[in-house]
Amino acid sequence: MKSILRIIPLLSLFLTTIGQASIDRVEPSNWWIGMKEPVFQVLLHGDNISRATPKIVGSQVSLERIVTLESPNYLFLYLKVSESASPGSIEIRLNYEDETPSDVVNFPLRVRDPGASEVKGFDSSDVMYLLMPDRFANGDSSNDSVEGMRETDVDRTDPYGRHGGDLAGVIEHLDYFQQLGITALWLNPVLENDMESSSYHGYAITDFYKVDPRFGTLEDYKKLAKEAQARGLKLVMDMIFNHCGSEHWWMEDLPAANWINYSENYKVTNHRRTTHQDPYASQADKELMTKGWFVPTMPDLNLQQPQLADYMIQNSLWWIETLRLGGIRMDTYPYPDKHAMSAWCKRVMQEYPHFNITGEEWSVNPLILAYWQEGKANADGYEGHLPSLIDFPLQNAIKQAFQEEEDWGSGLIKVYETLGADFNYPAPNNFVTFLSNHDTPRYFMEVGSDENAYRNAFAFLITTRGIPQLLYGDEILMTHYESNGHGDIRKDFPGGWQGDSANVFTEYNLSSRQARNLDYTRKLLNWRKDKPVVHNGKLLHFGPENGCYVYFRTNDEETVMVVLNKNEAYYSLSLDRFAEVLAGYTSGFDLVADETLSLDGSLMLAPHQPAIIELSK
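Caption draft 1: Here's a closer look at the overall build of the chain. On a plain count of helices and strands, the chain comes out with 15 helices and 26 strands. The C-alpha atoms of the chain give a radius of gyration of 26 Å, which matches the 25 Å a tight globule of 617 residues would have. Here the chain holds 617 residues, and 60% of them are scored as buried. Accessible surface, the chain as shown: approximately 23,400 Å² in total, 47% of it carbon and sulfur.

Caption draft 2: Spatial organisation of the sheet that holds strand 24 (residues 595–598). Taken together, 6 strands build an open sheet; the order of strands is 19-20-21-26-23-24 and the sheet is antiparallel. Among the strands making up the open sheet, the edge pair consists of strand 19 (538–545) and strand 24. The sheet shows a mean angle of 25 degrees between the axes of neighbouring strands, direction not considered. Here strand 23 (residues 587–590) runs beside strand 26 (residues 611–616); their pairing, made up of 4 bridges, is antiparallel. Considered in strand 26, the bridge of Phe589 is made with Glu614. Against the sheet, helix 11 (residues 451–463) engages strand 20 (548–554), strand 21 (559–565) and strand 26, with an angle of about 155 degrees to strand 21.

Caption draft 3: Broad picture of the sheet that holds strand 3 (residues 39–46). What the 4 strands build is an open sheet, ordered 1-3-6-5; its pairing is antiparallel. Pairing within the sheet leaves two strands with one partner each, and these edge strands are strand 1 (23–27) and strand 5 (61–67). Across the sheet, the mean angle from the axis of one strand to that of its neighbour is 25 degrees, orientation sign disregarded. The pairing of strand 1 with strand 3 spans 4 bridges and is classified as antiparallel. Opposite Ile23, over in strand 3, you have Gly46 as the bridge partner. Along the sheet face, helix 5 (residues 306–323) touches strand 1, strand 3, strand 5 and strand 6 (74–81) and points at about 110 degrees away from the line of strand 3.

Caption draft 4: Focus on the packing of aromatic side chains. Applying the stated rule across the entire model yields 46 aromatic pairs. Aromatic pair Trp372 and Tyr382: ring centres 5.7 Å apart, planes at 80 degrees, arrangement edge-to-face. Pair noted here: Trp372 is in the loop between helix 7 (366–370) and strand 16 (388–389) and Tyr382 is in the loop between helix 7 and strand 16, with a separation of 10 residues, a long-range link. Across the pair, Tyr382 and Trp372 agree in class, each one buried. In textbook terms, an aromatic cluster arises when at least three aromatic residues are bridged by ring pairs, as seen for Tyr74, Phe76, Phe208, Tyr209, Tyr221, Trp249, Trp250, Trp259, Tyr311, Trp318 and Trp319. The cationic tip of Lys338 hangs over the ring face of Tyr382; the distance from NZ or CZ to the ring centre is 5.1 Å. The ring of Tyr520 carries Arg455 above its face, with NZ or CZ at 4.0 Å from the centroid.

Caption draft 5: Region of the structure containing the nonpolar core. Counting residues in hydrophobic clusters, the biggest one holds 163 residues, and the most contacted among them are Tyr129, Phe177 and Trp344. Broken down by element, this core gets its largest block of residues, 9 residues, from helix 5. Membership of the second largest hydrophobic core comes to 19 residues, among which are Val581, Leu582, Leu597 and Leu603.

Caption draft 6: Representation of helix 6 (residues 338–351) within the structure. Counted at 1.5 Å a residue, the expected span for helix 6 with its 14 residues is 20 Å, and the 20 Å between its end C-alpha atoms agrees. With 10 of its 14 residues buried, helix 6 lies for the most part within the structure. Packed against the buried residues of helix 6 are helix 5, strand 14 (327–330) and strand 15 (357–359). Between the side-chain oxygen of the N-cap and the backbone nitrogen of His339 there are 3.2 Å, and the N-cap of helix 6 in question is Asp337.

Caption draft 7: Layout of the environment of Asp488. Looking at the element boundaries, Asp488 is found in helix 12 (residues 486–489). You can call Asp488 buried: its relative accessible area is 11%. In this structure Asp488 touches Pro159, His480, Tyr481 and Ser483, once residues within four positions along its chain are discounted.

Caption draft 8: Inspection of the pairing of strand 26 at higher detail. Judged by how many residues are buried, strand 26 sits mostly within the fold: 5 of 6 residues are covered. As paired elements, strand 21 and strand 26 share 4 bridges and run antiparallel to each other. Within strand 26, the residue paired with Val560 across the bridge is Glu614.

Caption draft 9: Structural context of the pairing of strand 23. Only one face of strand 23 is buried, namely the one carrying Gly588 and Asp590, since none of Ser587 and Phe589 on the opposite face is buried. Hairpin connection from strand 23 to strand 24: 4 residues lie between these consecutive antiparallel strands, with Asp594 at a positive phi of about 60 degrees.

Caption draft 10: Summary view of the packing of helix 3 (residues 218–230) against helix 5. It is at 9 Å that the axes of helix 3 and helix 5 come closest, and there the two elements cross at 60 degrees. Classified by the angle their axes make, helix 3 and helix 5 are oblique. Listed contacts from helix 5 to Leu218, Tyr221, Lys222, Ala225 and Gln229 of helix 3 are Trp318, Trp319, Thr322 and Leu323. Residues that form the contact of helix 3 with helix 5 fall into these classes: 6 nonpolar, 2 polar and 1 charged.

Caption draft 11: The pattern of salt bridges, seen in detail. Throughout the structure, instances matching the rule amount to 39 salt bridges. Between Asp492 and Arg156 there is a salt bridge; the shortest N-O distance is 2.7 Å. One end of the pair, Asp492, is in the loop between helix 12 and helix 13 (512–529); the other, Arg156, is in the loop between strand 9 (128–131) and helix 1 (167–172), with 336 residues separating them in the sequence. In this structure, the salt-bridge partner of Asp519 is Arg522, at a minimum N-O distance of 3.1 Å. One end of the pair is Asp519 and the other is Arg522, both in helix 13 and 3 residues apart, which spans about a single turn.

Caption draft 12: Focus on the packing of helix 11 against helix 13. Where helix 11 meets helix 13, the axes come as close as 11 Å, and the angle between the chain directions of the two elements is 15 degrees. Our classification of the angle between helix 11 and helix 13 gives roughly parallel. As helix 11 packs across helix 13, the resulting crossing turns out to be right-handed. Residue-level contacts link Glu451, Tyr454, Arg455, Phe458, Ala459, Ile462 and Thr463 of helix 11 to Arg513, Arg516, Asn517, Tyr520, Thr521, Leu524, Leu525, Trp527 and Arg528 of helix 13. Partitioned by chemical class, the residues of the contact of helix 11 with helix 13 number 8 nonpolar, 3 polar and 5 charged.

Caption draft 13: Inspection of the environment of Ser86 at higher detail. Looking at the secondary structure, you find Ser86 in the loop between strand 6 and strand 7 (88–95). Taking the C-alpha atoms as reference, Ser86 lies 7.8 Å from Leu109; in sequence the two are 23 residues apart. Those residues in contact with Ser86 that lie beyond four places of it in its chain are Ile33, Gln60 and Leu109.

What counts as what
Residues numbered from 1 in each chain as written. Predicted model: local features only at pLDDT ≥ 70, side-chain atom pairs only at ≥ 80, totals over all residues. Heavy atoms only, no water. Helix = DSSP H or I, 4+ residues; strand = E, 2+ residues; numbered from the N terminus. Rg over C-alpha atoms; globule rule 2.2 N^0.38 Å. Buried < 20%, exposed > 50% of the residue type's maximum accessible area, 1.4 Å probe, protein only. Areas by Shrake-Rupley, 256 points an atom, 1.4 Å probe, with all protein chains shown as cover. Pairing = 2+ DSSP bridges. Axes fitted to C-alpha atoms, helices over the stretch in contact; angles between N-to-C directions. Contact = heavy atoms within 4.5 Å. Phe/Tyr/Trp six-rings, centres within 6.5 Å; stacked < 30°, edge-to-face > 60°. Lys NZ or Arg CZ within 6 Å of the ring centre and 35° of its normal. Core = buried A, V, L, I, M, F, W, Y, C linked by side-chain atoms within 4.5 Å. Expected span 1.5 Å × (residues − 1). Polar contact = N/O pair within 3.5 Å; in protein donor to acceptor, adjacent residues only side chain to side chain. Parallel < 35°, antiparallel > 145°, perpendicular 65-115°, else oblique. Nonpolar A, V, L, I, M, F, W, Y, C, P; charged D, E, K, R; others polar. Salt bridge = Lys/Arg side-chain N within 4 Å of Asp/Glu carboxyl O. Left-handed = near helix turned anticlockwise from the far one by under 90°.

As C-alpha cells, this is what we get:
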C-alpha cells in the first residue's frame, strides 16, 4: 500500500543473436539444472514472433508446450530440463515460413550453487531490520540521477521525492547491522520503478527482472547478498504480486486483455479483505476486492491468467536462486487471487523446504490472519500454504498497552488477551512481530515520545514469541512530522549522507536519548542472539495486575522472567503468584538493570523500567 510511479521498454541485457533483431526481451535471462520441477517458462517478446515455429537445438531441454496469446508479439515456451543436462547454452531457434531469417536465442542453463535447495529462511532465532534503501544511505552519488528515466531529480527536502539512498549505501554499513545484533535484512523493493513521480518506495515495479539503476545494478544486489550472508545476515526480498506500475513495459503491449484486471474499465478495490472468509459475502464484493486497483498508476495483475501466474512464480524462484535469499515478504497478500497465492507458496516451499515467506494482511483480527497460514483447517476448505504473517494484531495491542490507562479491559491486558488468541494460529512463533514499519507511524511517536514506554515495548518485542522486526531508526527513537504521511514517516537515516548533522554509524552528535536507546537496543539484541529459550522456548504469562505484566520463557536448559512495568513510582512486586515457575530459583540477573536480584519474596521495580531476568537456582 504505497505510492505512484513509471518505465521505458528495455532491450534484453543478454544473449540474443538475432536475425531481424525482432526479439527485444527474453525472461528470465537464465535457468538452472537440478530444480525439483524440471519444466520452466521462457517469455519471448518481439515483433510478430507468435508466427514463428520454435525449435530447441540439442538434447539438454525439450520443448513441452508453446503458448500464444492475443498479442502477436509474445511467445511463452515451456521447456523441460533433462536429467542428464549439463551447464551450457541452450539454442532456441525461431523459424518463419516466409523469407524472414530465423531468430536465435542462446539461453544459459546453469548449475545451482551447492546446497541451493537447502537455503534456510528467517525464523524466530532472527531479528529482522526493515530499511527503505532510498532513505537509508547514499553510497554511490553517481547513480542519484539516471538519464532516460522519468524521475531524475534528487531532492531530500521533498518527502515524496528521491533522496539518493542505494544498495551501495546498505553494503557500506553491513557491519553496523551485525554489531547492532541484527540477523536478517528486509529491504523495501529495489526493482525498477520508472514512474513519473513518487517512485522512491519501490512498490510500482516496471520490470520484475531489473534492479532500479538509481539503486545500483544486479551485480550490486548480488554483492549485497553475498557480503550480508558472510556476516550472518539473511536477505529478505520484498515482492509484489498484486500489481505493477502503470509504466511497466508490458502495459504498452499486453499479452492478453485479461493479463490485467479491469484493463478496459478501471475500478478501485473496495479493500474488503474479509470477503475471503465471510460466508455471506456477495460475489460482487469478492470480485471488486481482488480485481480492483489500488490507484490508477498500479494496474491490478490477474493471477488467474495461467501464463502470468507461472511468470510470477518463476520470477520468485529466479531471485531466490540468484541471490540465495533468506526469505520473502509479500506485499498486499490478500489482494491477488488467493488460489494463485496458495499455489505460489506451495511451489516455493516445495523447492526450498527450509525457506520462509511472510505475508502482509493488515488486519488486527487474529481470525483473519489465521485463515492464510499453512496448516489452518478452514471452513471453506482453503489451504493457504503461507508459512508466516506480519503480526498486525499484536502490534495494535502493544500500541494500546502503552497508550491506555490500566483497567480491567485496557492497557497491558490488550497484549495478554491478544496472545491468548494464538490458539487460532497453526504456528504463532513464525509470525513477524513489530512496533513500526514503513507504512505505520513510528511507535515512539504513537506513545507520545515516551522513552520509557518504548523501552518496555521493545523489551516485550524481543522476548515474546515470534520473529521481531525493527524499522530503521527505531534504535535511535527516530521521529517524524505530525502528519503521519508516508513520505514523512520515511525520513532519511542520520549519517547516511555526507554532511549530515548527526551520524548514527559513528555515533556523532547523537542526543543523550538517542545514544541511550542505541546502547539499549544493541545490548538486548546481541543478548537475544544466543538465547534459544527466547527463540523457541515455551511462553507462560500471568494476567497483568497493578501496572505489571509478567511472563516467562522456558526450555529444558533455562528460564527467563520478563516484567513490563508501567508504575510511575518504585513498586514492590510480590513473587508468590509466580510460584509455579519460580520454585527452586533463588536469584536472577536482570539484563536491563545489569544487576543480580534476589528472588526472596518480592522484587523492587524501578519506575517505568522493564526487567529481563535470567533465573538461577
